[in-house]
Each structure stands twice: as C-alpha cells, then as structure tokens.
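# Residue-level structure breakdown
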Amino acid sequence: MTLSVLPARKRVLVTGGAGFLGSHLCERLLAGGAEVLCADNYFTGRRSNIAPLLGHPRFEAMRHDVTFPLYVEVDEIYNLACPASPVHYQFDPVQTIKTSVIGAVNTLGLAKRTKAKIFQASTSEVYGDPETHPQVETYRGSVNPIGPRACYDEGKRAAETLFFDYHRQHRVRIKVARIFNTYGPRMLPNDGRVVSNFIVQALTGQPITIYGDGGQTRSFCYVDDLIEGFVRLMDAPDAVTGPVNLGNPHEITVAELARHILDITGSRSELIRRPLPADDPMQRCPDITQARTALNWEPRVPLREGLTRTIAYFDHLLSSRITPEGNGTQLVVEK
C-alpha cells in the first residue's frame, strides 16, 4: 500500500501583522492556505484588527517588537513593522528609525538562518520631495536627511540597503516593495493621513483641513489592490527582487480628494487652509511599469468605490463613539 504524503503548508511570519496593512495581509494569506504567525507590539496595530482571526486553526498572534530578535521557523517573512503615518512615526523618531534598521537586521537574520524568502514593506517616501515625475524605481530621491520626516524616510532607505546587502552577501531571497498612498478600512482615525483626516472631519462636521493650497498631488491605492501586489511580488521568481513601486498611477490633488469625500458623505464641512508641513512632497505618483510587466499587477478598485467603502467603515466606527486606539487608550468621538 502506498501512503500519500500531503504537502507541508507554507508557514508565514507577518511582522506588524495587527496593523492596517498587516491585518489585511494575514487574512489574504490564510485564505490562500498558509499558516500565519502575526507579530506586533501594538504601537499602531490593534487587537480588534485581528480579533476575527484568533479562532482560526492556522493563525497565531504574539506580542513582539522587531527591534529584538525572534526565533521561529518560517518559510516566508513579510516585514511590515513600522509606524507609517507622520503623527505616529514622529511621536518617537528614534524608535522609528530603530524599528526600520534594527528590525531589518533581525528579520533578515531570521531569513538567513531559516532560508526563508523575505518581503520588505518600503515606501514612496524614499523618493522624498521628488524632482522627477512620475517616480520610477531608478530615481534615487531627494530626501532631507535631518528633517522631521527623516526618521521614517532614511530608516526605510537604510532598510533597503540592508536587504540588498544581505541578498548580495548571504544570498537571502528578498522582495522589496515601495508603497504609495494606500487607504481603506482599518486605518486609524487619528493617524494624520489625508484620507482618514478628511473622512473623520466630514463625518463629524468639523472643518476639512487642507495644508498648503491643496494643489499638491497624491495617488491613492485601495488596500485590497495593494495586498494583491504584495502576494504577487512574493510569489514572483527569485530574480524579481524589486524595488517595485506598488500604488495607483491615477493622480489627483488634495483639494479634489476633499471634494470627493464631501460629495460622498453629504457633509457641509467647510474647507480651511493651514501651512504646509516641512518636507511635505508636492507631487507623489508611481510609475508602475515594472509591476505591470513583472507581476501582471495594477490597481482595480476605482477611487470613488474605495472611498465609499472606507467612509462606511469610519461611519460605523464613529457611531460607536468609543474608538480603540493602537496603544490601548480610548478616544471619545463626538459625532
């Protein structure tokens, strides 16, 4: 009698797995049949993001900070651990850059030991306030290394360096994605990002705060599309290391975004102007030629559809009046 041997399930570590992007990624990996280990220190991640997964037989969550080594056995690693909004990464800039740099060293060391394939969630912030438009992966950026955003910008740039050095020196299989503005359910209401700011202000009747003249441009990718890009990059042949831009090439102004949100919510909030923050880029739009060619990937969800889903999420969140925050505190919201 011949015994059939079932193939082993892929075991995947997601650092920052309780965060906005991480929790969506954990769901996607479970749906694909993987065993998922979620590691998060809950600085910006929330237990509520992964609560529906806790009873899943292939899901495990642990509290862990990537600035400390982690000793587990895995086949793949998605390194998403790092606060990604200015409000959060500027709260403790030293810890932010430590998370990017020491976190990269620790996760890369784990990948080297276990021979795991490892994904780095980098950022369009590595381009700084760009002098070329749209941004292509070969552009080296225009970053202020001593400005208030440098803890994040330079931390992510250093992490990319570490990834490629581990690849060249130790033959670690790497995947590096440069993420452009992403939005969707599970964003934090106080993260300072333009989409969440505008939606919360519109739903609560507060003035919509526009920094500068509103003419600065952004491109917004819905979270489901971005996660699809993550998985396709990880599953691509080893020769496809990146960096690969993942984002929506449809560019709009911040003022246009505000008008979309006011229209969908039916809000009567007025628009008010504030000075532009230091080092805030005036243009941000990806060239996704490489993602289209190497991954057969491009965003599918139209902006208005994605905003409608996101607004519905925030409307439900705010209607409860008590919103759980990433650090465990409670924010009382008056609607």
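Here is what the cut-offs are and how they apply
Residues numbered from 1 in each chain as written. Predicted model: local features only at pLDDT ≥ 70, side-chain atom pairs only at ≥ 80, totals over all residues. Heavy atoms only, no water. Phe/Tyr/Trp six-rings, centres within 6.5 Å; stacked < 30°, edge-to-face > 60°. Helix = DSSP H or I, 4+ residues; strand = E, 2+ residues; numbered from the N terminus. Buried < 20%, exposed > 50% of the residue type's maximum accessible area, 1.4 Å probe, protein only. Lys NZ or Arg CZ within 6 Å of the ring centre and 35° of its normal. Expected span 1.5 Å × (residues − 1). Bend = angle between axes of the 7 residues up to and from the residue. Contact = heavy atoms within 4.5 Å.

## A look at the packing of aromatic side chains
Taken as a whole, this structure holds eight aromatic pairs when the rule is applied. Centroid distance tyrosine 127 to phenylalanine 180: 6.1 Å. Interplanar angle 35°. Geometry classified as tilted. Taken together, the positions of tyrosine 127 in the loop between β5 (117–123) and α5 (150–170) and phenylalanine 180 in the loop between β6 (174–179) and β7 (182–183) put the pair 53 residues apart, joining distant regions of the chain. There is no split in this pair, since tyrosine 127 and phenylalanine 180 are both buried. Arranged with centres 5.4 Å apart and planes meeting at 75°, the rings of tyrosine 313 and phenylalanine 314 form a pair that is edge-to-face. Phenylalanine 314 shares its class with tyrosine 313; the two are buried. Three or more aromatic residues link up through ring pairs in this structure, and these residues are Tyr78, Phe119 and Phe230. Positioned above the aromatic ring of tyrosine 42, the side-chain terminus of arginine 47 is 4.8 Å from the ring centre.

## Focus: helix α4 (residues 93–114)
The first and last C-alpha atoms of α4 sit 31 Å apart over 22 residues, in line with the 32 Å expected at 1.5 Å per residue. Roughly 25° is the biggest bend found in α4, and it falls at threonine 99. Among the residues making up α4, those that are buried are Thr96, Thr99, Ser100, Gly103, Ala104, Asn106, Thr107, Leu108, Leu110, Ala111 and Thr114. Residues of α4 that are buried make contact with β1 (11–15), β4 (76–79), α3 (86–89), β5, α5 and β6. Of the residues trailing α4, lysine 115 is marked for its positive phi of about 60°.

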